[in-house]
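These are the residues of each chain, in order.
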Amino acid sequence: MKAVIQRVSHCSVTVDNNITGEIGQGFLILLGIEKGDDQKEADKLSNKISVLRVFTDENDKMNLSLHDIDGEVLVVSNFTLCADCRKGRRPSFDAAARPETADPLYEYFCSKMSENGIRKVEKGIFGADMKVSLLNDGPVTLIIDSRELA
């Protein structure tokens, strides 16, 4: 399971000109679910993200977590994070989990973020053509692969 995490001042996701998710200060999480991922991977990733200290304190040091700032999260499914671009000019998405596996894991990941104490967890619509609007704060952008976590 892969996540691109962007620290944002605010962001939203729109499907068919309707806002389906919107947050203030917090994280936009683009989530890629790969073949072989399971709830254990989602647990590790959600646990790590919920305590990352990348928000600035009164001394302008990245020392605060989502909990410390009462931050919010917008999670957007993104199978293209599973792309293999090593050969040719067209990425291969063979590593991406099938929708019947990925969608429940996406929902599970979102529920785990709530269980980890994030008060507002918003979502896109799995498999939809989504438009994401954000004000990146910093910019601070992190890439985490659950398979690389202890």
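Here we summarise the structure given alongside this text. (Residues numbered from 1 in each chain as written. Predicted model: local features only at pLDDT ≥ 70, side-chain atom pairs only at ≥ 80, totals over all residues. Heavy atoms only, no water.)

What follows concerns the pairing of strand β1 (residues 2–15). Buried residues dominate β1, accounting for eleven of its 14 residues. Relative to strand β3 (residues 26–32), β1 is paired through seven bridges, and the arrangement is antiparallel. Counted as the bridge partner of I5 is I29 from β3. In this structure, β1 lies alongside strand β8 (residues 131–145), joined through eleven bridges in antiparallel fashion. The partner of C11 across the bridge, within β8, is L134. (Buried < 20%, exposed > 50% of the residue type's maximum accessible area, 1.4 Å probe, protein only. Helix = DSSP H or I, 4+ residues; strand = E, 2+ residues; numbered from the N terminus. Pairing = 2+ DSSP bridges.)

Here the focus is unusual backbone geometry. At the junction of G138 and P139, the peptide bond is cis and its omega measures out at -5° in the coordinates. Locating P139 in the fold gives a position in strand β8. Non-glycine residue N17 carries a positive phi angle of around 65°. Given a relative accessible area of 77%, N17 falls into the exposed group. One non-glycine residue, D60, adopts positive backbone phi at about 65°. With respect to the secondary-structure elements, D60 resides in the loop between β4 (55–56) and β5 (62–64).

Another aspect to go through is helix α1 (residues 39–51). End to end, α1 covers 19 Å across 13 residues, agreeing with the expected 18 Å (1.5 Å per residue, within 8%). Those residues of α1 that sit buried are E41, A42, L45, S46, I49 and S50. Taken down its axis, α1 places every buried residue within 145° of arc, on the same side. Buried residues along α1 sit against β1, β3, α2 (66–69), α3 (99–115) and β8. (Expected span 1.5 Å × (residues − 1). Arc of directions from axis to C-beta. Contact = heavy atoms within 4.5 Å.)

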